[in-house]
Amino acid sequence: MINAIRGNCLSITDNSLVVLSHSGIEFFIECSLQTANKFRALSSEDRKNVRVFTVLNHREDAMTLFGFYDEKERFCFIELQTVPGIGPKGALKILGGITVDDLCLALDAQDVKKLSKVPGLGAKTAQKLILQLRNVLVFETETEKEADVKSSSTSKRFSDFISSFCEMGYDRKSVVKVIDTLLEENNDKYINMDDRDIEKNIFTSVLRRLN
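(A) Structural view of helix 4 (residues 100-108). When we look at burial in helix 4, the residues that qualify are Val100, Leu103, Cys104, Ala106 and Leu107. Looking straight down helix 4, one finds that the buried residues subtend no more than 165° of arc, so they occupy a single side. Next to the buried residues of helix 4 lie helix 2 (71-80), helix 3 (88-97), helix 5 (112-116) and helix 6 (123-133). Two residues or fewer after helix 4 comes Gln110, characterised by a positive phi angle close to 55°.

Written out as structure tokens, the structure is:
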């Protein structure tokens, strides 16, 4: 399998790329609209040295090279084809109509209505996607990454305070989330307050929200 192609992106359409590899071979690569737009957004200088992640589809009558801006989209492309009725072209059409993050969120929320609006999907196929891929296509979104960084900071800052709730049987992640929310809601009140005083002030509120 060709894992990726590095080279100069010579042309971009809504569903294809032409890349001149460093070895001098020009590759015609089919891609989703999402991938095409991401490569379009690169500067002319950056397009001279791109990396396109690929999947080679080999049939009796044709060989087609599919390309992706990142590995997440490629993984989605492969997994989408495990759903009955979705082939390579269909998977590419779906990925052209929804971002990987939005697809994962819709699957997790079992949002048939949102998925049904994606080109190439109807209500029945959307339901199949949810049943088969809900726990397979799981990626951390940028928002979730930011939340994890924030939670990590809170965990260190109020470690003993959080542990006291855990000893009472509460889930650590839930405790940290509640503390983050309270700090955000009362930022002006707590901004210049000592951490120990903050703990005394929010103890009852944390308990109330956890119950």
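(B) Fine view of the nonpolar core. Phe77, Leu80, Ile86, Leu103, Leu107, Leu115 and Leu129 are the most contacted members of the largest nonpolar core, which totals 26 residues. Within the residue set of this core, elements represented by two or more residues are strand 5 (63-68), helix 2, helix 3, helix 4 and helix 6. When residues of this core are assigned to their parent elements, the largest contribution, five residues, is made by helix 4. Among all residues touching Leu107, those that are not within four sequence positions of it are Leu115, Leu129, Ile130, Leu133, Arg134 and Leu137. One finds Phe161, Val176, Val178 and Ile198 within the second-largest nonpolar core, a separate group that totals 15 residues.

(C) Here's a closer look at unusual backbone geometry. A positive phi angle, near 55°, is found at Gln110, a position not held by glycine. With respect to the secondary-structure elements, Gln110 resides in the loop between helix 4 and helix 5.

(D) Up close: the packing of aromatic side chains. For the structure shown, the criterion picks out seven aromatic pairs. Look at Phe66 and Phe77: their rings are 5.1 Å apart centre to centre, the planes differ by 45°, and that puts the pair in the tilted class. On the criterion of sequence distance, the pair formed by Phe66 in strand 5 and Phe77 in helix 2 is long-range, its members being 11 residues apart. Summarising the burial analysis for this pair, Phe66 and Phe77 share the class buried. Taken together, the ring pairs in this structure connect Phe161, Phe165, Tyr170 and Phe203 into an aromatic cluster.

(E) Structural context of the pairing of strand 1 (residues 4-13). In terms of strand pairing, strand 1 meets strand 4 (residues 50-58) through four bridges, oriented antiparallel. By the bridge assignment for strand 4, Ala4 is matched with Phe53. Following strand 1, the chain reverses through two residues before pairing antiparallel with strand 2 (residues 16-21).

(F) Quick peek at the sheet that holds strand 1. A barrel is described by the order of its strands in space; here five strands give the closed sequence 1-2-3-5-4, paired in mixed fashion. Across the sheet, the axes of successive neighbouring strands diverge by a mean angle of 55°, strand direction being ignored. Each of strand 1, strand 2, strand 3 (26-31), strand 4 and strand 5 is contacted by helix 1 (residues 33-40), which is oriented at about 90° to strand 1, the strand it contacts most.

Criteria and thresholds
Residues numbered from 1 in each chain as written. Predicted model: local features only at pLDDT ≥ 70, side-chain atom pairs only at ≥ 80, totals over all residues. Heavy atoms only, no water. Buried < 20%, exposed > 50% of the residue type's maximum accessible area, 1.4 Å probe, protein only. Helix = DSSP H or I, 4+ residues; strand = E, 2+ residues; numbered from the N terminus. Arc of directions from axis to C-beta. Contact = heavy atoms within 4.5 Å. Core = buried A, V, L, I, M, F, W, Y, C linked by side-chain atoms within 4.5 Å. Phe/Tyr/Trp six-rings, centres within 6.5 Å; stacked < 30°, edge-to-face > 60°. Pairing = 2+ DSSP bridges. Axes fitted to C-alpha atoms, helices over the stretch in contact; angles between N-to-C directions.

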